[in-house]
Amino acid sequence: MTSETRGTAQLTTAMMLSGTLGVFVVESGASPFDVVFFRVLFGALALGGYVAARGWLRDHGFTRRTLGLAVLGGVFIVLNWVLLFSSYENTSISVATVVYHTQPFYVVLLGALLFRERLTAARVGWIAVAFAGLILVSGVTPGDFASGGTYLLGIGQALLAALLYGLSTLVTKRITGVRPHLVALVQVLVGIPLLLPFADFGAMSGTGWRWGWLAGLGLLHTGVMYVLMYAAYAKLPTAKIAVLAFVYPAVAMLMDWLVYGHHIGLVQALGVPLIVTASLRVTLARPRVSAPAPRTAGRAPEAASRPATPVASEA
């Protein structure tokens, strides 16, 4: 098996795991704040155990600046999860996931706005195509604006979650010389004190087997999934990463239909290829998101600065 084939299998597995995340969230029966709190708690245990076993804590590579950036990115990524899981409640896993997949466009727009990155006419055009698809997928009608309601709120939560994910991606891109596993570990550790005041432990008492769903979110969807993704990123070209990222929304929509009987309508479905096509065109037109950090005698190729917020994923 070649390195690229192995990377393809790893990333496909990671994206399939990511696609089951919505079911784990819903089946846990917990509030979004509780879900994310226990995700970061179990996720920190999983990632912490992995990096400790690999001996990476001794030569972490953090500086005061990069550690601060990792913490800031962690705030964005944790709040992004809270909003995304809230959107599941107010719309559906399918709709929230597709709307959330506007992340790459926010990265481009925020990069141009905050860091004066080049924004070409072609990119603007594809972003416009994507948001036309978003309008179709959302299924929002003028009546929703007139009457308000939870569905419109859920669409807004998914969009804001995507915006926060974009901010986290831009911040994390500026961290160099640190293994992405360590950056991700810092990000989930940040979530523990951040969400502790909002966690309702009383509501969680006696949830029984539902603790298994919460543990799975941390151990599988944070620990195992991140390790698989970062291993794959080191083996795959950007183009293949961008394409395989769409396994995630495809599996999420399939799971929503199989488990809950939810599916998007015909008109909504017309918007999906618009978002997918525009996302690929925008993502593949961008330069590689990171470059390998300078190697030293004691630093392996894995230490290259790969994004700690997974590309086009729910993170």
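Residues numbered from 1 in each chain as written. Predicted model: local features only at pLDDT ≥ 70, side-chain atom pairs only at ≥ 80, totals over all residues. Heavy atoms only, no water.

Engineer: Go over the overall build of the protein with me, naming the residues and quoting the values.
Structural biologist: A count of helices and strands for the protein gives 15 helices and zero strands. Per-residue burial for the protein yields a buried fraction of 52% across its 315 residues. Contacts in the protein between residues at least 24 apart in sequence constitute 89% of all its contacts with a sequence separation of at least 6. Accessible surface for the protein amounts to roughly 13,300 Å². Of this, 69% is attributable to carbon and sulfur atoms. (Helix = DSSP H or I, 4+ residues; strand = E, 2+ residues; numbered from the N terminus. Buried < 20%, exposed > 50% of the residue type's maximum accessible area, 1.4 Å probe, protein only. Contact = heavy atoms within 4.5 Å. Areas by Shrake-Rupley, 256 points an atom, 1.4 Å probe, with all protein chains shown as cover.)

Engineer: Residues and numbers for the packing of helix H1 (residues 3–19) against helix H14 (residues 247–260), please.
Structural biologist: Two elements in contact, H1 and H14, have axes whose closest approach is 7 Å; the angle formed by their N-to-C orientations is 40°. By the angle between their directions, the pair H1 and H14 is classed as oblique. Of the two possible hands of crossing, H1 and H14 adopt the one that is right-handed. Across from Thr12, Met15, Met16, Ser18 and Gly19 in H1, the residues of H14 making contact are Val247, Tyr248, Val251, Ala252 and Met255. In terms of residue class, the contact of H1 with H14 is built from seven nonpolar, three polar and no charged. (Axes fitted to C-alpha atoms, helices over the stretch in contact; angles between N-to-C directions. Parallel < 35°, antiparallel > 145°, perpendicular 65-115°, else oblique. Left-handed = near helix turned anticlockwise from the far one by under 90°. Nonpolar A, V, L, I, M, F, W, Y, C, P; charged D, E, K, R; others polar.)

Engineer: So what about unusual backbone geometry? Which residues, and what values?
Structural biologist: The backbone of Arg116 sits at a positive phi, close to 55°, despite the residue not being glycine. Here Arg116 lies in the loop between helix H6 (103–115) and helix H7 (121–138).

Engineer: Before we move on, can you summarise the pattern of salt bridges with the specific residues and values?
Structural biologist: Under the criterion given, the structure shown has three salt bridges. A salt bridge links Glu117 to Arg174, with the nearest nitrogen and oxygen atoms 3.4 Å apart. Of the two residues, Glu117 sits in the loop between H6 and H7 while Arg174 sits in the loop between helix H9 (150–173) and helix H10 (180–195), which places them 57 residues apart along the sequence. Owing to a relative accessible area of 28%, Glu117 belongs among the partly exposed residues under this scheme. (Salt bridge = Lys/Arg side-chain N within 4 Å of Asp/Glu carboxyl O.)

Engineer: So what's going on with the nonpolar core? Which residues, and what values?
Structural biologist: Soluble globular proteins tend to bury their nonpolar side chains together. One finds Leu11, Phe85 and Tyr88 to be the most contacted residues of the largest nonpolar core, which totals 70 residues. In terms of residue count, the dominant contributor to this core is helix H4 (residues 64–90) (11 residues). Sequence-distant contacts of Tyr88, that is, excluding residues within four places in its chain, are made with Leu21, Gly22, Val25, Ile93, Ala96, Thr97 and Tyr248. (Core = buried A, V, L, I, M, F, W, Y, C linked by side-chain atoms within 4.5 Å.)

Engineer: Outline the side chain of Asn80, listing residues and values.
Structural biologist: Take Asn80: it is sitting in helix H4. Exposure remark for Asn80: the relative accessible area of 0% places this residue in the buried category. At 2.9 Å, the side chain of Asn80 forms a polar contact with the backbone oxygen of Ile77. (Polar contact = N/O pair within 3.5 Å; in protein donor to acceptor, adjacent residues only side chain to side chain.)

Engineer: Could you give an account of the side chain of Ser94, with specific residues and numbers?
Structural biologist: The topology assignment puts Ser94 in helix H5 (residues 93–100). Its relative accessible area of 2% is what places Ser94 among the buried residues. Contacts of Ser94, omitting those with residues within four sequence positions, involve Ala252, Met253, Asp256, His262 and Ile264.

Engineer: I'd like a description of helix H2 (residues 21–28), backed by residues and values.
Structural biologist: With six of eight residues buried, H2 is to be regarded as a mostly interior element. Those residues of H2 that sit buried are Leu21, Gly22, Val23, Phe24, Val25 and Ser28. Check the buried side of H2 and you find it contacts H1, helix H3 (32–53), H4, H5, helix H12 (210–233) and H14. One or two positions beyond H2, positive phi appears at Gly29, with a value near 70°.

Engineer: Tell me about the environment of Gly29, and please be specific about residues and values.
Structural biologist: With respect to the element layout, Gly29 can be found in the loop between H2 and H3. Gly29 gets classed as exposed once you look at its relative accessible area, which sits at 51%. For Gly29 and Arg210, which are 181 residues apart along the polypeptide, the C-alpha to C-alpha distance reads 7.2 Å.

Engineer: An account of a nonpolar patch on the surface is needed here, citing residue identities and associated values.
Structural biologist: A cluster of nonpolar residues, Leu254, Trp257, Leu258 and Val259, forms a patch on the protein surface that exposes about 390 Å² of accessible area. Positionally, Trp257 belongs in helix H14. Trp257 sits in the partly exposed class, given a relative accessible area of 47%. (Patch = residues over 30% accessible without salt bridge, like charges linked within 9 Å, V, L, I, M, F, W, Y side chains within 5 Å.)

Engineer: Now, about the environment of Lys235: what can you tell me, with residues and values included?
Structural biologist: By secondary structure assignment, the location of Lys235 is in the loop between H12 and helix H13 (238–244). What makes Lys235 partly exposed here is its relative accessible area of 22%. For Lys235 and Glu4, which are 231 residues apart along the polypeptide, the C-alpha to C-alpha distance reads 5.4 Å. For Lys235, the contacting residues outside a window of four places in its chain are Ser3, Glu4, Arg6, Gly7 and Gln10.

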